[in-house]
Amino acid sequence: MLKAIQIVGSSSGFASCRFRKPQPNSAFSLISRKPILTTSETLLLPASQLHSHKSCFRDFRMSSTHSKSSSSSSVAVQSTILQGNIRKINFCQFCGGPNKHEIPDGEEKVRAICTRCGKITYENPKMVVGCLIEHDKKILMCRRKIHPSYGLWTLPAGYMEIGESAAEGAIRETWEEANAEVEVQSLFAQLDIPLIGQTYMIFLAKLKNPHFSPGPESSECQLFELDDIPFDSLAFSSMLVSLNLYIEDIKVGRPKFHYGVINKRPGTSPSDIHAYTLDFHMQS
Ligand SMILES: [Zn+2]
């Protein structure tokens, strides 16, 4: 017996909006392609598996963690999870034709294959890029004015865009969320979150000047002493991990580079950002 559950998740549909950054003698603009939170994802699993996959379902909400709303219209994509993390995509992203879901020759996973043009729609993890900004032994953080995690604190971060490097993306997100111009110093952490298909790249950065203010997606921006970081109201596990690693590094010297995998602890609430394990942690 199959049972369908409707949840809201991230979309593979995009819309364009313009972002203009003022400069002394000129102005440039770039196209910011933002994911839209309009997709309805259908989860289709045998009822007997619903309980064991419960946390998985809920955690797919987290895949919209950094989605940003847009007033632009979009083509909603109806998708379904067949089993585990394999998502059913009903229509071809190239020609709009109906997809079938089979294992292509030479592959091991079920893929969405267009019955009209034959092309395969692949889904791959998304890269989230951000900055850990040090200034006068303080860290710049933003309070979110958008859902999810409305009202909670985060480092400036968001989805990397086509056409930019990870460092450029981190600088852009910092400008968008904190109106702060930063210079990236080094890569501080790469954190994979396999369950929701995200990889975070957090860069150490410095303010080019001491000016910052809340961007449209932030209600507040503030420099925090390390002892005053609002650990009781952080938005995401990735930020909790990054800040903890940073503070541990500072206590014994300088920031290192960290790689790790954030895995949600089974049976814990998806909204509990403290309920994770940091696996495969490597540092240099
Ligand atoms: Zn097609």
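This write-up is about the structure you can find in this document. Quick caveat, the model's predicted, so the values are computed rather than measured.

### Brief notes about the overall build of the protein
For the protein, the helix and strand inventory stands at 4 helices and 18 strands. Taken across its 284 residues, the protein has 45% of its residues classed as buried. Summarising the internal contacts of the protein: among those between residues at least 6 apart in sequence, 63% fall at separations of at least 24. Surface accessibility of the protein: about 14,400 Å² in total, with carbon and sulfur atoms responsible for 52%.

### Some thoughts on the nonpolar core
By size, the foremost hydrophobic cluster in this structure holds 32 residues, and its most contacted members are Leu 132, Ile 139, Met 141, Leu 155, Tyr 200 and Ile 229. Counting residues per element, the ones that place at least two in this core are β10 (126-135), β11 (138-144), β13 (157-159), β14 (182-193), β15 (198-207) and α4 (237-252). Counting residues per element, this core draws most heavily on α4, which supplies 7 residues. When sequence neighbours within four positions are dropped, the list of residues in contact with Ile 139 reads Leu 132, Ile 133, Glu 134, Leu 155, Gln 222, Leu 223, Phe 224, Leu 226, Ile 229, Leu 243 and Tyr 246. The next biggest cluster of nonpolar side chains, apart from the first, holds 15 residues, and it includes Leu 140, Ala 166, Val 182 and Leu 207.

### Overview of the pairing of β10
Burial runs high along β10: 7 of the 10 residues are buried. Summarising the sheet, β10 and β13 pair through 3 bridges and their orientation is antiparallel. Pairing of Val 129 across the sheet is with Gly 158, part of β13. Strand direction decides the pairing type here: β10 and β11, joined by 2 bridges, are antiparallel.

### Observations regarding a negative patch on the surface
Together, Asp 136, Glu 225, Asp 227 and Asp 228 line one region of the surface with negative charge. Summarising the element assignment, Asp 227 is placed in the loop between β16 (218-225) and α4. The exposed category is assigned to Asp 227, whose relative accessible area is 77%.

### Points about the coordination of the zinc ion
Distances from the zinc ion to its protein donors, Cys 92 (SG), Cys 95 (SG), Cys 114 (SG) and Cys 117 (SG), fall at 2.2 to 2.4 Å. Coordination at the zinc ion is tetrahedral: its 4 donor atoms span angles of 99 to 120° at the metal. Ordering the donors of the zinc ion by residue number gives the pattern C-x2-C-x18-C-x2-C. One end of the pair, Cys 92, is in the loop between β6 (86-89) and β7 (99-102); the other, Cys 117, is in the loop between β8 (111-114) and β9 (120-121), and 25 residues separate them in sequence. Residue Cys 117 is classed as partly exposed on the basis of its relative accessible area of 35%.

### As for helix α3 (residues 166-178)
If you check α3, its first and last C-alpha atoms are 18 Å apart, about what 13 residues at 1.5 Å a residue would give, namely 18 Å. Of all 13 residues that make up α3, 10 are buried, and the element is covered over most of its length. The complete set of buried residues in α3 reads Ala 166, Gly 169, Ala 170, Arg 172, Glu 173, Thr 174, Trp 175, Glu 176, Glu 177 and Ala 178. Just past α3, the residue Asn 179 takes up positive phi, approximately 50°.

### Looking at unusual backbone geometry
Between His 147 and Pro 148 the backbone carries a cis peptide bond, its omega angle lying at -5°. You can see Pro 148 is positioned in the loop between β11 and β12 (153-154). Even without being glycine, Asn 179 reaches a positive phi, approximately 50°. Position of Asn 179 among the secondary structure elements: in the loop between α3 and β14. Residue Asn 179 is classed as partly exposed on the basis of its relative accessible area, which comes to 25%.

### Overview of the environment of Gln 283
As for its placement among the helices and strands, Gln 283 is situated in strand β18 (residues 276-283). Gln 283 sits in the partly exposed class, given a relative accessible area of 45%. Taking the C-alpha atoms as reference points, Gln 283 and Leu 245, 38 residues apart in sequence, are found 10.0 Å from one another. Ignoring anything within four residues of it in the chain, the contact list for Gln 283 reads Asp 249, Lys 256, Phe 257 and His 258.

### Section: the environment of Lys 126
Mapped onto the secondary structure, Lys 126 falls in strand β10. Residue classification places Lys 126 among the partly exposed residues on the basis of a relative accessible area of 25%. Separated by 35 residues in the primary sequence, Lys 126 and Glu 161 place their C-alpha atoms 9.8 Å from one another.

Criteria and cut-off values
Residues numbered from 1 in each chain as written. Predicted model: local features only at pLDDT ≥ 70, side-chain atom pairs only at ≥ 80, totals over all residues. Heavy atoms only, no water. Helix = DSSP H or I, 4+ residues; strand = E, 2+ residues; numbered from the N terminus. Buried < 20%, exposed > 50% of the residue type's maximum accessible area, 1.4 Å probe, protein only. Contact = heavy atoms within 4.5 Å. Areas by Shrake-Rupley, 256 points an atom, 1.4 Å probe, with all protein chains shown as cover. Core = buried A, V, L, I, M, F, W, Y, C linked by side-chain atoms within 4.5 Å. Pairing = 2+ DSSP bridges. Patch = residues over 30% accessible without salt bridge, like charges linked within 9 Å, V, L, I, M, F, W, Y side chains within 5 Å. Salt bridge = Lys/Arg side-chain N within 4 Å of Asp/Glu carboxyl O. Lys, Arg positive; Asp, Glu negative; His and termini not counted. Charge placed at Lys NZ, Arg CZ, Asp CG, Glu CD. Donors = N, O, S within 2.8 Å, 3.2 Å for Na, K, Ca; no water. Tetrahedral: all angles 85-135°; square planar, octahedral: opposite > 155°, others 65-115°. Expected span 1.5 Å × (residues − 1).

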